[in-house]
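Chain residues, written in single-letter form:
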Amino acid sequence: MQRTTLVQYIRQRGFSTPGATGEFTSLMNEIIVAAKIVSLEVNRAGIGEDILGLTGKINIQGEEVQKLDEFADMTFTTIIGQSGTVCAICSEERDEPLIVPKTDRGKYIFMMDPLDGSSNIDVNVGIGSIFSIYRKVSEGNEVHDADLRQPGHKQVAAGYVMYGSSTMFVLTTDQGVHGFTLDPSLGEFFLSHPNLRIPEQGSTYSINEGNMENWDEAQKHLVNHLKVSDPATRRPYKLRYIGTLVSDFHRTLLKGGIFMYPSDKKSPEGKLRYAFEAAPMAYIVEHAGGRASTGSQRILDIVPEKLHQRVPLFVGSPRDVALAENILSGKGRSQQPA
Ligand code: P6P
């Protein structure tokens, strides 16, 4: 049986895109190389060289930087920075954007969370890389703020690499959401999950209930509503929470349900970063028929005010996210017994 590789898929997409110059194809191929290198390092972490553990540094998010965080950030930055396809690289791990030297600039902006789920690295739980690609919008060769603070609906592509029981590369451009699984014996990603579509409604909710005392009353009401038994609405929902966005999102994408990281007293703007986590996941889920909001506003409509802006995130099956918005707005509370 003919098995399509990710490289072949990208090339075929390029051929079928009017006016394509090949620059996007080149950029995607560099992302694939970086993903394979990080996957290799993640999968042999703990064997031989000392790649696990902390670097002793704190990043702009105020989080302890793991050695694998730094490795992933350097790998993606170096490979993509030299590709001649991007003019700026923004990373969750870096305070400031990296502006590519004029001689190496291309027309794309690359945003990434190089290694998401750091707290799970040393305990061998799923982690991942998240990326997002925009076109430069300002005139001329200089990179401006407007290029780095675009609303999520301006993305031209978004995806993630999940370093789990197998390494998966999930990608959306403007032609559906597709999953590719790495065959380590060949070092190639093969199409394994074509045309992913999220179920209209799921039966799981995903949230860190350890934060409950910090939630507002509407959030508490929403989670309690999901726990009440009502077979007609598939309740009670099951709780699934891994603590790595890529893993919790991937399960939600395949099985349906809702992932929530609301704002709370501890994180008044929410914890997750707009450019590096919420916007790419929102772009992917909408292309798979799902929905993503802050609980009241569509994620992809937000114009970020700063590079590391955080937002609340409710993402998943359209019916589940709509129910959450309904209850959070207070409208749904009267009809929905807790
Ligand atoms: P908490 C990982 O650190 C991360 O950025 C996301 O991958 C994940 O969804 C979230 O934070 C987990 O946060 O507060 O539950 O540990």
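All residue numbers refer to positions counted from 1 along the written sequence of the respective chain. Whole-chain, interface and lining totals are the exception, using all residues; otherwise, since this is a predicted model, local features are given only for residues with pLDDT of at least 70 and side-chain atom pairs are given and counted only at 80 or more. Side-chain numbers come from the whole structure's heavy atoms, not from hydrogens or water.

**A word on the nonpolar core**
Counting residues in hydrophobic clusters, the biggest one holds 43 residues, and the most contacted among them are Y160, F249, L253 and I299. A per-element tally of this core places helix 7 (residues 274-287) first, with 10 residues. Two domains each donate at least three residues to this core, and these are domain 1 (6-193) and domain 2 (204-335). Excluding residues that lie within four positions of it along the chain, I299 makes contacts with Y274, A278, A279, A282, A292, S293, T294, V311, P312 and L313. The nonpolar core is taken to be a set of buried Ala, Val, Leu, Ile, Met, Phe, Trp, Tyr and Cys residues, with the residues joined through side-chain atoms within 4.5 Å. Whether a residue is buried, partly exposed or exposed follows from its accessible area with a 1.4 Å probe, protein chains only, as a fraction of its type maximum: under 20%, in between, or over 50%, in that order. Helix numbers and strand numbers start at the N terminus; a helix is a DSSP run of H or I with at least 4 residues, a strand a run of E with at least 2. How far each domain reaches was decided by an automatic or database domain assignment. Throughout, a residue-residue contact means that at least one pair of heavy atoms, one from each residue, lies within 4.5 Å.

**Observations concerning the domain arrangement of the protein chain**
Each assigned domain of the protein chain is listed with its residue range as follows: domain 1 (6-193) and domain 2 (204-335). A C-alpha centroid distance of 24 Å is found between domain 1 and domain 2. The interface is formed by 46 residues belonging to domain 1 together with 34 residues belonging to domain 2. Considering only the surface of domain 1 that becomes buried against domain 2, I130, R149 and Y160 emerge as the three largest contributors, covering 20% of it. Take a side-chain nitrogen of Lys or Arg and a carboxyl oxygen of Asp or Glu: if they are within 4 Å of each other, that pair is a salt bridge. Joining domain 1 to domain 2, the criterion identifies 1 salt bridge. Buried area is calculated as the accessible area (1.4 Å probe) missing from two parts once they are joined, with the contributions of both summed.

**Here we look at the site of the ligand**
Within the structure, the ligand sits among 13 residues, and D116, N208, Y241, L245 and Y261 are positioned closest to it. In protein, a polar contact requires one atom able to donate a hydrogen and another able to accept it; more generally it is a pair of N or O atoms within 3.5 Å, and residues adjacent in sequence count only if both atoms are side-chain atoms. One of the side-chain N or O atoms of Y241 is found 2.5 Å from an oxygen atom in the ligand. Take R273: an N or O atom from its side chain is 3.3 Å from an oxygen atom of the ligand. Note on areas: Shrake-Rupley with a 1.4 Å probe; residue coverage comes only from the protein chains shown. If the ligand stood free it would expose 400 Å²; the protein chains cover 85% of that surface. It suffices for a single heavy atom of a residue to lie within 4 Å of a molecule or strand for the residue to be listed as near it.

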